[in-house]
Amino acid sequence: MNEYDSNRIFDTVKEIGFTQTNNIDEANCYLLNTCHIRDKAKEKVYHEIGRVKKNFRLKNKPLVIVAGCVAQAENEEMLKREPYIDLVIGPQAYHKINNKIEEYLNKQKRLDETEFDAISKFKYLGKIKNSSKKISSFLTIQEGCDKFCHFCVVPFTRGPEYSRPFRKIIQEAKILAENGVKEIILLGQNVNAYQNDNYRLSNLILEIEKIPEILRIRFTTSHPNDMTDDLIETYGISKKLMPLVHLPVQSGSDKILESMNRKHQVKDYINIYKKLKEINSAVKFSSDFIIGYPGEDEKDFKNTLDLIKEIEFINSYSFIFSSRPGTIASKLQLIDNRITSKRLEIIQQKLFDHQIKMNKSLENDIIDVLVENKMQKSSKFFGRSEYMTPVIFDGYEEDIGKIVKIKINKSNKNTLFGEIVKKSKLKVA
Ligand code: SF4
């Protein structure tokens with residue numbers, strides 16, 4: 001989402017004369033768009049500002065702006081601790097950035113703009129043209145969260161759930177298609193909670209699918225409780241919705257899910273998986289796991305391993321629990337680091353085994369790949385499979401933006417390697 005936000009911020013500040021530079025030591029404005037999900041996010045911001053300060057020791061000070069969720073969560077402390085920061089702006093206030101920059105330049109008074117104002121933000125962002133020209137582009141449809149999982153800061157940094165108007169999203173998807181975009185990844189902290197008038201995520205997918213230039217549609221990140229039947233059925237009828245379902249489960253233990261306030265049980269998750277598989281056997285799952293959540297014992301950990309075995313996730317993110325200030329989980333007793341590190345190692349090995357097995361199974365197969373670009377330091381091309389796996393292959397410039405058939409010759413944990421199959425070599429059914 002930060003990549004999407006950064007591009008919209010750039011589309012906005014362009015209007016008051018800013019341009020992008022690759023020569024970062026000559027920039028007259030730095031904007032750090034920050035994420036609060038991972039540990040040490042705050043310290044990374046101060047470290048980066050320290051680097052800018054050092055580079056500009058003998059030059060005019062650039063305008064320094066900190067945006068994003070760290071700015072939202074740490075606004076007052078940031079301005080107090082680091083006098084080099086001029087402007088702090090939260091994720092629901094981006095639409096005010098031009099006014100705030102001008103206000104700062106006129107008055108030279110440091111500013112904190114962290115109001116939650118998602119409605120005006122999206123009204124404004126709906127009016128600026130999304131200039132993304134990438135083959136695969138993000139499109140934010142929903143922000144914020146009302147679920148309040150006990151470990152998560154999103155409800156505090158992004159605010160309550162807000163869904164953008166259906167027509168505005170379709171309009172933005174059409175602009176992306178005109179720019180040459182072929183794949184749209186619909187984004188939201190709770191993307192499948194999307195609800196605008198009577199439209200849900202399934203309606204959005206089926207409407208975007210009608211845009212002929214758009215070849216693939218994905219969405220992330222979902223909550224199991226919002227995997228409604230209409231969305232599940234979309235996997236059976238949509239021609240463009242990709243079969244990789246990223247559905248975070250976090251733990252395979254009901255006791256831990258309850259303590260996390262996830263509001264669902266393991267059996268609900270397995271049920272969603274079974275329903276999806278029945279509707280579309282090509283569906284495969286990926287997930288997020290928090291390892292060593294306070295209270296996780298050996299039995300809970302084993303339950304998570306069992307779930308991984310049952311679902312055979314093909315790629316997933318797993319992290320040791322780290323507490324975020326202000327959350328309920330931050331008051332709970334941490335588990336010994338040696339135990340959690342060992343558990344993470346075991347889980348990751350299991351997840352990697354599935355990933356390797358999946359990639360290996362594709363060797364000698366011919367698969368569909370959306371070609372994204374020619375690689376910078378090689379004559380090879382880069383694209384992605386239907387399951388998002390990176391594919392590197394010998395190909396042709398004219399195929400960028402197309403779905404081509406690639407014969408897979410080799411694979412490793414993260415990547416598939418192959419060659420383009422000429423149409424004349426494909427067997428006619
Ligand atoms: S549903 Fe997702 S975004 Fe919302 S509180 Fe839980 S983890 Fe955070």
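Above this text is the structure in question.
To start, this report covers the structure provided alongside it. (Residues numbered from 1 in each chain as written. Predicted model: local features only at pLDDT ≥ 70, side-chain atom pairs only at ≥ 80, totals over all residues. Heavy atoms only, no water.)

Quick word on the site of the ligand
By nearness alone, every residue bordering the ligand is listed as Cys-145, Lys-147, Phe-148, Cys-149, Phe-151, Cys-152, Val-154, Pro-155, Asn-190, His-223 and Arg-262. Its residues assigned to classes, the shell around the ligand shows seven nonpolar, two polar and two charged. (Near = heavy atom within 4 Å. Nonpolar A, V, L, I, M, F, W, Y, C, P; charged D, E, K, R; others polar.)

A short note on the pairing of strand 17 (residues 390–394)
Burial within strand 17 is extensive, with four of its five residues counted as buried. Both strand 16 (residues 381–384) and strand 17 contribute to a ladder of four bridges, which runs antiparallel. What sits directly across from Phe-381, in strand 17, is Phe-393. In this antiparallel pair of consecutive strands, strand 16 and strand 17, the connection spans five residues, and Met-388 shows a positive phi of 75 degrees. (Buried < 20%, exposed > 50% of the residue type's maximum accessible area, 1.4 Å probe, protein only. Helix = DSSP H or I, 4+ residues; strand = E, 2+ residues; numbered from the N terminus. Pairing = 2+ DSSP bridges.)

Details of the sheet that holds strand 3 (residues 87–89)
Pairing in this open sheet of four strands is parallel, and the strands run 1-2-3-4 from one edge to the other. Bordering the open sheet on either side are strand 1 (29–34) and strand 4 (111–113), each of which pairs with just one other strand. Across the sheet, the mean angle separating the axes of adjacent strands is 10 degrees when strand polarity is ignored. With three bridges connecting them, strand 3 and strand 4 associate as parallel partners. Looking at strand 4, one finds that Leu-87 is bridged to Leu-111. Across the sheet, helix 3 (residues 69–81) lies against strand 1, strand 2 (63–68), strand 3 and strand 4, angled at about 130 degrees from strand 2, the strand it touches most. (Axes fitted to C-alpha atoms, helices over the stretch in contact; angles between N-to-C directions. Contact = heavy atoms within 4.5 Å.)

Quick word on the packing of helix 12 (residues 298–311) against helix 13 (residues 337–361)
Where helix 12 contacts helix 13, the two axes come as close as 10 Å, and the packing angle between them is 10 degrees. By the criterion of interaxial angle, the relationship of helix 12 to helix 13 is roughly parallel. Contact residues: Glu-298, Phe-301, Thr-304, Leu-305, Ile-308 and Lys-309 in helix 12; Arg-343, Ile-346, Ile-347, Lys-350, Leu-351 and His-354 in helix 13. A breakdown of the residues in the contact of helix 12 with helix 13 according to their chemical character gives six nonpolar, two polar and four charged. (Parallel < 35°, antiparallel > 145°, perpendicular 65-115°, else oblique.)

Some remarks on the pairing of strand 18 (residues 403–411)
Pairing analysis gives five bridges linking strand 15 (residues 366–374) to strand 18, with the strands arranged antiparallel. Looking across to strand 18, one finds that Ile-366 is bridged to Lys-407. Inspection of the sheet shows strand 18 paired to strand 19 (residues 416–420) by five bridges, in the antiparallel sense. Of the residues in strand 19, the one forming a bridge with Ser-411 is Leu-416. Between strand 18 and strand 19, which pair antiparallel one after the other, the connecting turn spans four residues.

Section: the layout of surface pockets
If you add up the space inside the second largest pocket, you get close to 620 Å³. What lines the second largest pocket is a set of 21 residues, among which Thr-19, Gln-20, Cys-29, Tyr-30 and Leu-31 lie closest to the centre. Going through the elements one at a time, helix 1 (2–13), strand 1 and helix 2 (41–55) are the ones with two or more residues in the lining of the second largest pocket. Its residues placed into classes, the lining of the second largest pocket shows 11 nonpolar, eight polar and two charged. (1 Å grid on protein atoms, 1.4 Å probe; cavity = no way out; pocket = protein on both sides within 12 Å on 5 of 7 lines; lining within 4 Å. Points joined across faces, edges and corners; volume = space filled by probe spheres on them.)

Details of the environment of Ser-318
Within the secondary structure, Ser-318 is located in strand 14 (residues 315–320). Through-space distance from the C-alpha of Ser-318 to that of Ile-347 is 7.8 Å; in sequence the pair is 29 residues apart. When neighbours within four sequence positions are excluded, Ser-318 is seen to be in contact with Phe-289, Leu-344, Ile-347, Gln-348 and Leu-351. At a separation of 3.0 Å, a polar atom in the side chain of Ser-318 contacts the side chain of Gln-348. (Polar contact = N/O pair within 3.5 Å; in protein donor to acceptor, adjacent residues only side chain to side chain.)

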